[in-house]
Amino acid sequence: MEEQGLPERSRGLLARARDNSNFTNNDHSDLCHNLEKREEIFERHGKDKDKIELAQQEPDASDLEVKEHLPQDENDSDSEGSGLSEKEEEEEEKDSLSAFTSDDYRLFAEAYLNIKQKVTLPSGRVLEDILFQEGLAKKTHHLIHSFIVDERDDSVRLLFDPKDWTFITTEKPREVIQDDNDVMSMLKSYQELVSTAEIMEALKTRPTRLGESYVFSKDYELKWLLDSISKWVDLYNIQPNIFTVDGLTEYFWRSNIWGILDSLFYDLPNFILLGGESWGIESTKRRNQQKVKSGRKIGGSKGDGYLREFGPKKADWMSIEGAKQWDTEGIKYKRESSWKIGRQLHDILRSRMAEIDDKRAMSLTIYGFIFGGPTIQLHLLSTIGGATTVLHRREPLTVASSVEEFGNNVMILEFLLLVKKDIVQSTTRRTPVQDARKLFTGAPSTPPRSTRLSDVQVAHRTPTKRKMWEI
């Protein structure tokens, strides 16, 4: 990598960090000084260093291409402002993986130096050191600048030997089971039905729990399952066939198929799944903490849905992204299934970990869904310790195009119920029991917190929009 335009001293410091990871606080101070001097030179000559770097650098083969922007209003100088038009927001998303600038290198080095806990791999190498070295070699923004490992990113996998990679990507076991016998019985019975007539006949019989003895907090999941089957079976009577016709919108799929996600969490106290575009709470906090310019408050990452807690304080627990069709080779899927949802889940995980003890923090998993048409895919993010989080995925699930395969749909409903159960386990906060004697004597009621096993860092700042037409 050539650090285009960087002073020789800065290039040497970056090379030193890449080669042996012996990157000290003194080195960081020298690097910051050199970069600041460089900025002074650009300011003196009336040039924008970021635009020059963007024009000079070639994007990594492993990253998405930098997209050119059409002319923008000169007054819209704040790249992360919440007052952007819809078109401008789309353009900002297209440019999400833009060039890594001098300021980005400085902030990335600061985050690295702040890490107090690192992960030693079976080979003896240190995970965060390897990611830092590779991050310095990247010319464009990448998840590893936030110390996020995407298990399906081959460019990252090749940095490790097979034993280390298995260690990094092996998931922790999850103790989640379906323990409602009536739910299990209903799942089994509907998996065997292969026609709308059979399904409609079965729907005539409702469990006694859903009658006069119905208790919302205990019986709702059984009702949700029955309601979801009833909603989905009607899809096979619609003409034209929604699974073969072209031109259906994202809103159609969100409301007619994946709307069951909204109702899935009705019985979770103080939680609402917010459908439709909205700012993520955790990413909004991060962006406002990281912003350089003063003035208006800026918005966070805009998602298509968030599972949000409305308790003593608002908090997000899950995110959703949607599209009108499922296309794993398209730019939208590649961007959202890795870069966008990875950072959303990282922001959420870091905030939730800060609220719980070390043992629970190490087992915490944050979920996100991406759907396109009748297909949905679960994304999961957790920590393995140190500063690193790992992004996993499950295989995509598709609502059957023929009622003869309705058993597949029942399996999807069971899958969603299991995801919910794990989220419920994670959101159940345990209030520590206070010691009356210590309260009486004035001693601290809880012991000082020991060094955490995990040291997840704030996600790297969101890339700034570039006005390529000015270069």
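Residues numbered from 1 in each chain as written. Predicted model: local features only at pLDDT ≥ 70, side-chain atom pairs only at ≥ 80, totals over all residues. Heavy atoms only, no water.

1. Description of the packing of aromatic side chains
Move 1: If you walk through the whole model with that rule in mind, you get 15 aromatic pairs.
Move 2: Taking 5.6 Å as the distance between ring centres and 25° as the angle between the ring planes, the aromatic pair formed by Tyr236 and Phe243 counts as stacked. Here Tyr236 and Phe243 have matching classes, each one buried.
Move 3: Aromatic rings pair up to connect Phe100, Tyr105, Phe108, Tyr112, Phe132 and Phe147 into one cluster. (Phe/Tyr/Trp six-rings, centres within 6.5 Å; stacked < 30°, edge-to-face > 60°. Buried < 20%, exposed > 50% of the residue type's maximum accessible area, 1.4 Å probe, protein only.)

2. A short note on the packing of helix H10 (residues 196-203) against helix H11 (residues 216-233)
Move 1: H11 packs onto H10 with a crossing angle of 150° between their chain directions and a minimal axis gap of 11 Å. Taken together, H10 and H11 sit at an angle that is classed as roughly antiparallel. In terms of crossing hand, the pair formed by H10 and H11 is left-handed. Contacts between H10 and H11 involve Thr196, Ile199, Met200 and Leu203 from the first element and Leu226, Ile229, Ser230 and Val233 from the second.
Move 2: When the residues that make up the contact of H10 with H11 are grouped by side-chain class, the tally is six nonpolar, two polar and no charged. (Axes fitted to C-alpha atoms, helices over the stretch in contact; angles between N-to-C directions. Helix = DSSP H or I, 4+ residues; strand = E, 2+ residues; numbered from the N terminus. Parallel < 35°, antiparallel > 145°, perpendicular 65-115°, else oblique. Left-handed = near helix turned anticlockwise from the far one by under 90°. Contact = heavy atoms within 4.5 Å. Nonpolar A, V, L, I, M, F, W, Y, C, P; charged D, E, K, R; others polar.)

3. Details of the confidence of the model for the protein chain
Move 1: Looking at the protein chain, pLDDT values average 79 and 70% of them are 70 or higher.
Move 2: Across the protein chain, the element-wise mean pLDDT spans from 38 in helix H3 (residues 49-56) up to 98 in strand S8 (residues 397-398).
Move 3: Throughout residues 465-471 the model reports pLDDT below 50, and contacts reaching past four residues in sequence, or to other chains, amount to 33 contacts. (pLDDT = per-residue confidence, 0-100.)

4. Some thoughts on the pairing of strand S3 (residues 302-310)
Move 1: Of all nine residues that make up S3, seven are buried, and the element is covered over most of its length.
Move 2: Where strand S2 (residues 271-279) lies against S3, seven bridges are found, and the strand directions are antiparallel. Residue pairing for S3: Gly275 is matched across the bridge by Gly305.
Move 3: As judged from the six bridges shared by S3 and strand S4 (residues 314-323), these two strands associate in the antiparallel manner. Considered in S4, the bridge of Leu307 is made with Met318.
Move 4: Adjacent in sequence and paired antiparallel, S3 and S4 are bridged by three residues. (Pairing = 2+ DSSP bridges.)

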